[in-house]
Amino acid sequence: MANLPTSETLPSAHSPSEPRERASSPTVVRSWLMERLDSLLSESLRRAEPSELIRHRIMVGAACFFSLINGVFLLRSFSQGNHPYAALLASVGYLGTLVLARRGRTPIAPAMVLLATLSLGLVITTFVSRRPTGGDHAVNMLLPVLAVYLVGPRLGLSITLALFVALGLIHPYYRSQVGIDPSTLTLSGLWFSHVFAGISSLGVWALSSLHSTARDAAQATIERTVRELRDSQSKLNSVFESTDDIVVSIDAQARLLTANSAARFIYEHRAGIVLEPGTPLFQHEPPESRKAWDARLVQVLQGQRLRFEQIYQDQQGLLVLDTSVHPIVEEGGGVVGMTIFGRDVTARRQAEARLGEMHRTLVDVSRQAGMAEVATGVLHNVGNTLNSVNISTSLVIDQIRKSRVTSLARVAPLLRAHLADIPAFFARDPQGQQLPSFLIALSEQLQQEREAMLREMHSLGESVEHINSIVSMQQKHARAAGAVEHVAVPQLIDEALRLHAVSFDRLRIHVECDYDEVPPIFVDRHKLLQILINLVSNARHALVASPKKDKRLGIHVRRAPDTGQLHIEVTDNGVGIAPENLGRMFSQGFTTKKMGHGFGLHISALAAAEMKGRLSCSSPGLEQGATFLLELPMRTELPPVQDAEPS
């Protein structure tokens, strides 16, 4: 903050080192004079509006002035041995004016007494004067003006008319009766002079009335405008002070004009700076921040509006302000300053950071849940296939255990014992005679056993090959996670169904596939497979839980004619969805399964949104099946790669 002068460094108004002429300056004299005039007014008259207070001061000032002039005249008259009764009467009137002004509540009475005193003094002076032309005295012009100014046009007219009658009509008539000196003025000239002076007084009154009316109207307009401005300023200040946002206005040199309480609190609380009008606002900023503000001020002074985030880090912690800067434009179009609005968005930014972290955590959890879902399907189908492997293995082992191959072990010793006389053994020995038929029967039986074991081994090989394909497919999709590929959607659906093929056969679930001719699209293979496996798995669970014997699962692929999007429908005639649960199917943690975790559909909906698609569901009701619709954009070509914008 600039080194502003304090009260200790400022020179005192009454310092003895100042010259004495300073104490008698016009400002001091004027102030002293106003205080003296105000002391002659009553409390109610001193509390009047500034424009009315000026009239009251002129009224008592005129009374004092005329009293002084009248006093000088009285002293001169008494010194010459005269008896100025009119001057004495005028002194009483002036004194009455001051008394009424000091005690009265309204200015009408003292003003009328003052005007009546002046008028009466003028009339008496004119009548007793030796000069017959008293009606054209300059006071004639002054009285209408003073009357209109002090009491208004209506009461001023009464004073003006009284003067017109007294001086313009009665006085010439009086002079015509008492006689006048023809050498000074003729009678006709006297009438003309006084009537013309009276008419001129009325004209002066009229002009003063017009001026007074115009001045009062202008004053009323000014006062009304001032009231409206004060009211607007009060409302504006109320708005500024009621907001928690920082509101600061500065001039073109970045000097502070106004600041609301929120701005003053922030500066004082965080930086220990007391904002005062005229203070350079950015003088306490670090050099880099001050340089950035200088560049922004140049832009705003050119008429631009700016919005940015300003980050402050100090001992009080982090402060993030969403700042808007608007130019203050004068009537001619030039920018004379700017207004700065700052909103504290620290909590929002911290919440967004936490939300981003939660989103990343949720994505990780979703991928893990998706991997678990896929792994569960893999293990389930591998387990079903292993049952067939075990059955085939057991049958092969049982057939080997019961095989007649062991009978050859009894034939071998007989043949070994008769190697020297084999022909005689087959011709004369009873065992030898039975041996050919035994070997023939044994060969036929062994041939049957061989065919049976070949069938079982073939089945065993198919089961092992099915396990191998399931594992290979999972490995392929695991490696492709997060990558956008050119995918044939029907083929990917078939792969998802293959994971549940054995389960569908065992549960007698009839699968209907209806694929329109759609071109391959660019999509994240892993996310799409994860959604398809979740939908197929949910349909399988719904069909298993249903008591219906005719269990059907349908998958339809088509291109929407209105939007051009790819639609994948998975329908089943299982347990269905209750109407009150339709709106919560994709909520995290919601599930209708007894052993469910509530992640599958929520993760699928998130994955669909990440692919710029949408996942929805519908169901006529319980035990009436359900339909899940996956909408995906038909991206048959990769979007062009855009260069990253420099940070």
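What counts, and where the lines are drawn
Residues numbered from 1 in each chain as written. Predicted model: local features only at pLDDT ≥ 70, side-chain atom pairs only at ≥ 80, totals over all residues. Heavy atoms only, no water. Pairing = 2+ DSSP bridges. Helix = DSSP H or I, 4+ residues; strand = E, 2+ residues; numbered from the N terminus. Axes fitted to C-alpha atoms, helices over the stretch in contact; angles between N-to-C directions. Contact = heavy atoms within 4.5 Å. Phe/Tyr/Trp six-rings, centres within 6.5 Å; stacked < 30°, edge-to-face > 60°. Buried < 20%, exposed > 50% of the residue type's maximum accessible area, 1.4 Å probe, protein only. Patch = residues over 30% accessible without salt bridge, like charges linked within 9 Å, V, L, I, M, F, W, Y side chains within 5 Å. Areas by Shrake-Rupley, 256 points an atom, 1.4 Å probe, with all protein chains shown as cover. Salt bridge = Lys/Arg side-chain N within 4 Å of Asp/Glu carboxyl O. pLDDT = per-residue confidence, 0-100.

Turning next to the sheet that holds strand β11 (residues 614-618). Remark on secondary structure: sheet strands pair via backbone hydrogen bonds, oriented parallel or antiparallel. Read from one edge to the other, the open sheet built from 5 strands follows the order β7-β9-β10-β12-β11, with strand pairing classed as mixed. Whereas interior strands pair on both sides, the edge strands pair on one side only; in this sheet they are β7 (509-515) and β11. Going across the sheet, the axis of each strand differs from the next one's by a mean of 15°, ignoring polarity. In terms of strand pairing, β7 meets strand β9 (residues 551-559) through 7 bridges, oriented parallel. Each residue of the ladder has a partner; that of Ile509, found in β9, is Lys551. Running at roughly 170° to β7, helix α15 (residues 489-498) makes contact with β7, β9 and β10 (566-572) of the sheet. Relative to the sheet, helix α18 (residues 600-610) contacts β11 and β12 (626-632), its axis offset from that of β11 by approximately 135°.

Bringing the packing of aromatic side chains into the picture now. Under the defined criterion, the tally for this structure stands at 5 aromatic pairs. Seen from their ring centres, Phe282 and Trp293 are 4.4 Å apart, and the 20° between their planes marks the pair as stacked. Within this pair, whereas Phe282 is found in the loop between α9 (261-271) and α10 (287-301), its partner Trp293 is found in helix α10, the two being separated by 11 residues in sequence. Take Phe282 and Trp293: they sit in the same class, and that class is buried. Between Phe586 and Phe628, the aromatic rings sit 6.4 Å apart at their centres with planes inclined by 90°, giving edge-to-face as the arrangement. Residue Phe586 is located in the loop between β10 and α18, and its partner Phe628 is located in strand β12; the two are separated by 42 residues in the primary sequence.

This paragraph deals with the environment of Arg349. Within the secondary structure, Arg349 is located in helix α11 (residues 346-401). On the basis of relative accessibility, which here comes to 26%, the residue Arg349 falls in the partly exposed class. On a C-alpha basis, the gap between Arg349 and Leu321 in space is 10.0 Å, while along the polypeptide they are 28 residues apart. Not counting residues up to four positions away in its chain, the partners in contact with Arg349 are Glu309 and Val320.

This part takes up the pairing of strand β5 (residues 335-344). In this sheet, β5 lies alongside strand β1 (residues 246-251) in antiparallel orientation, the contact comprising 6 bridges. Counterpart to Val248 in the pairing with β5 is Ile340. Where strand β4 (residues 317-329) meets β5, 9 bridges bridge the pair, whose relative direction is antiparallel. For Pro327, the partnering residue across the bridge sits in β5 and is Met338. A loop of 5 residues connects β4 with β5, the two strands running antiparallel in sequence, and Gly333 in this loop sits at a positive phi of about 100°.

When strand β3 (residues 306-314) meets β4, the two strands line up antiparallel, connected through 9 bridges. Among the inter-strand pairings, Tyr312 is bridged to a residue of β4, identified as Leu319.

Taken together, Phe78, Tyr85 and Leu88 make up a surface patch of nonpolar side chains, about 350 Å² in accessible area. Along the polypeptide, Tyr85 turns up in helix α4 (residues 85-103).

With 83% of its residues at a pLDDT of 70 or more, the chain shows a mean pLDDT of 79. The model gives residues 1-24 a pLDDT under 50, and that stretch makes 12 contacts with residues more than four places away or in other chains. Overall, residues 641-647 carries pLDDT values under 50, and its contacts beyond four positions in sequence, including any with other chains, amount to 0 contacts.

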